[in-house]
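Listed below are the residues making up each chain.
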Amino acid sequence: MSDIPLGVLDLVPVPSGGTAADALRNSVELARRAEEFGYARYWFAEHHLNPGAAGTSPAVVLALTAAATSTIRLGSGAVQLGHRTALSTVEEFGLLDAVYPGRLDLGLGRSGGRPPAEKATAPTATPVVDGRAPNGLVVPPRFSFASLLRSPRFALHRRLLLLPNAESQEYAEQVDDILALLAGTYRTQDGVEAHVVPGEGADLAMWILGSSGGESARVAGGRGLRFAANYHVSPATVLEAVDGYRAYFQPSDGLDKPYVSVSADVVVAEDDATARELATGYGPWVRSIRTGEGAIPFPTPEEARAHVWTDEDRELVQDRLDTQFVGSPRHVADRLEQLQEATGADELLITTITHDQADRVRSYELLATEWRRR
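Student: Is there a simple way to explain the environment of Pro-235 in this structure?
Tutor: Among the secondary structure elements, Pro-235 is positioned in the loop between strand 7 (226-230) and helix 8 (238-248). Spatially, the C-alpha atoms of Pro-235 and Phe-143 are 9.0 Å apart, while their sequence positions differ by 92 residues. Leave out the neighbours within four places in its chain, and Pro-235 touches Val-139, Pro-140, Asn-230, Asp-319, Arg-320 and Thr-323.

Here you go:
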């Protein structure tokens, strides 16, 4: 398995009792250590109005991290295009590339703008029987995000992230504009050119992030871009996402065949019992996201055990608990091999959150060591 690279996806989590400054320092330290451990890339997610996630601007956090590292690839996982323009995105990453050339991945996502419309998806080629893929990978029932999208918090996101009366650009059109601005081929219908300095000609690797076989998979596949599927966010639809992307794929100048990364939530410790203890806070943390209240600061195991669970709470988080890989290095690496086999992933993207920074760093170290043995 050592020929399948591992990367890191960082939400810049704020620990209970800590601050955003603590979270940022922790993330920069973890990126340095991930570089030492041999991880291929380090991505930052974008989240807003979450007390427990300080990664509000991937470009800013990338600048801080690039200055503290030297070889690991850095990127966004993902820039939320729903409240940005193509120009602002190319300018931000063009500035980063001007200082740190050849090290950056520009990962793009649809979230942050208009509520997603229901659209047809490509058929899933991989059968799922009794909640499992043919090789045994857990593929839980689909979770409905409808109530979350109808929540006052989602409306508040739109109100605060978008200018008054602004409408998000259609996603596919926006991706095309980014590609044209980077290539220096952007033209309006009237023939007016736009040339971005810095940005045009930037050596960026473009990725599309998606949770289903819908628009994101179509955009990535149809334009011959790399695709990152989210098992850790939507495990029920990961097979649909990768199958859809491959079905839509058309070769491009930059990519002659499909290239897929798949994410997973992971906690590793020296033994299974210790890992389960470190992961105790995961359930209440996921619950806070899925209820629409926003991610809470990641609790200690003691704080997490004090949470009084209702049946509704458990239903909200069960799919995520069932698909988090928690245990010894050997146990977790076995689960990751299963995920890679089921999805045909070219890379795996690991996201690990524990309350204490030392445990989080150690989790990544143990996993990297075990992965190299395979």
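Student: Sorry, what's going on with the packing of helix 1 (residues 20-37) against helix 2 (residues 58-68) here?
Tutor: Two packed helices can be described by the angle between their axes and the distance between those axes. Contact pair helix 1 / helix 2: the axes reach a minimum separation of 9 Å and the direction vectors enclose 45°. By the angle between their directions, the pair helix 1 and helix 2 is classed as oblique. Of the two possible hands of crossing, helix 1 and helix 2 adopt the one that is right-handed. Residues Leu-24, Val-28, Ala-31 and Arg-32 of helix 1 form the contact with helix 2, whose participating residues are Val-61, Thr-65 and Ala-68. Class assignment of the residues belonging to the contact of helix 1 with helix 2 gives a composition of five nonpolar, one polar and one charged.

Student: Mind showing me how you'd approach the side chain of Arg-84 here?
Tutor: You can see Arg-84 is positioned in the loop between strand 4 (79-80) and helix 3 (86-99). Side chain to side chain, Arg-84 and Glu-46 meet in a polar contact 3.4 Å long. Once residues within four sequence positions are removed from consideration, Arg-84 is found in contact with Glu-46, Thr-56, Pro-58, Val-79, Thr-89, Glu-92 and Gln-174.

Student: I keep staring at the environment of Asp-3 and nothing clicks. Help me out?
Tutor: Among the structural elements, Asp-3 can be located in the segment before strand 1 (6-10). The exposure class assigned to Asp-3 is exposed, which follows from its relative accessible area of 61%.

Student: Got a minute to help me understand the pairing of strand 3 (residues 73-76) in this structure?
Tutor: Consecutive residues of a regular strand have side chains that alternate between opposite faces of the sheet. In this sheet, strand 3 lies alongside strand 2 (residues 41-44) in parallel orientation, the contact comprising four bridges. Each bridged residue has a counterpart across the sheet, and for Phe-44 the counterpart in strand 3 is Ser-76. In the classification by handedness, the crossover that spans strand 2, the intervening helix 2 and the parallel strand 3 is right-handed. As judged from the two bridges shared by strand 3 and strand 5 (residues 104-109), these two strands associate in the parallel manner. Within the sheet, the bridge partner assigned to Leu-74 lies in strand 5 and is Leu-104.

Student: Sorry if this is basic, but what is going on with helix 3 here?
Tutor: Helical periodicity: at 3.6 residues per turn, an α-helix aligns residues three or four positions apart in one direction. With 14 residues, helix 3 should reach 20 Å at 1.5 Å per residue; the first-to-last C-alpha distance of 20 Å fits that figure. If you check which residues of helix 3 are buried, you get Ala-86, Thr-89, Val-90, Phe-93, Gly-94, Leu-96 and Asp-97. Take helix 3 and look down its axis: the buried residues cluster within an arc of 165°, on one side only. Facing away from the buried side of helix 3 by over 90 degrees, the exposed positions are Leu-95, Ala-98 and Val-99. Along its buried surface, helix 3 packs onto helix 2, strand 3, strand 4, strand 5, helix 6 (171-183) and strand 6 (204-210).

Student: Mind showing me how you'd approach the pattern of salt bridges here?
Tutor: Opposite charge on two side chains permits them to pair, given that their charged atoms come into close proximity. Summed over the entire model, instances satisfying the criterion amount to 24 salt bridges. Its salt-bridge partner being Asp-265, residue Arg-320 comes within 3.4 Å of it at the nearest N-O pair. Here Arg-320, found in helix 12 (residues 311-322), pairs with Asp-265, found in strand 8 (residues 260-268); they are 55 residues apart in sequence, far enough to count as distant. For Asp-265, a relative accessible area of 5% corresponds to the buried category. Here the salt bridges do not stand alone but share partners, grouping Asp-334, Glu-337, Glu-370, Arg-373 and Arg-374 into one network.

Student: What should I look at first to understand the packing of aromatic side chains in this one?
Tutor: Two descriptors summarise a pair of aromatic rings, namely the distance from one centre to the other and the angle between the planes of the rings. If you walk through the whole model with that rule in mind, you get 10 aromatic pairs. On the basis of an interplanar angle of 80° and a centroid distance of 5.5 Å, the ring pair of Tyr-39 and Tyr-364 is categorised as edge-to-face. With Tyr-39 in the loop between helix 1 and strand 2 and Tyr-364 in helix 14 (residues 357-373), this residue pair connects regions lying 325 residues apart in the sequence. Neither Tyr-39 nor Tyr-364 differs from the other in exposure class; each is buried. Considering the side-chain rings of Phe-143 and Phe-145, the 5.0 Å spacing of their centres and the 80° angle between planes classify their relative orientation as edge-to-face. By relative accessible area, Phe-143 is classed as buried at 19%. Taken together, the aromatic side chains of Trp-43, Trp-207 and Tyr-259 make up a single cluster linked through ring pairs. Lying across the ring of Phe-143, Arg-290 places its NZ or CZ 3.7 Å from the centre.

Thresholds, definitions, all that
- Residues numbered from 1 in each chain as written.
- Predicted model: local features only at pLDDT ≥ 70, side-chain atom pairs only at ≥ 80, totals over all residues.
- Heavy atoms only, no water.
- Helix = DSSP H or I, 4+ residues; strand = E, 2+ residues; numbered from the N terminus.
- Contact = heavy atoms within 4.5 Å.
- Axes fitted to C-alpha atoms, helices over the stretch in contact; angles between N-to-C directions.
- Parallel < 35°, antiparallel > 145°, perpendicular 65-115°, else oblique.
- Left-handed = near helix turned anticlockwise from the far one by under 90°.
- Nonpolar A, V, L, I, M, F, W, Y, C, P; charged D, E, K, R; others polar.
- Polar contact = N/O pair within 3.5 Å; in protein donor to acceptor, adjacent residues only side chain to side chain.
- Buried < 20%, exposed > 50% of the residue type's maximum accessible area, 1.4 Å probe, protein only.
- Pairing = 2+ DSSP bridges.
- Right-handed = clockwise from strand over helix to strand, strands pointing away.
- Expected span 1.5 Å × (residues − 1).
- Arc of directions from axis to C-beta.
- Salt bridge = Lys/Arg side-chain N within 4 Å of Asp/Glu carboxyl O.
- Phe/Tyr/Trp six-rings, centres within 6.5 Å; stacked < 30°, edge-to-face > 60°.
- Lys NZ or Arg CZ within 6 Å of the ring centre and 35° of its normal.

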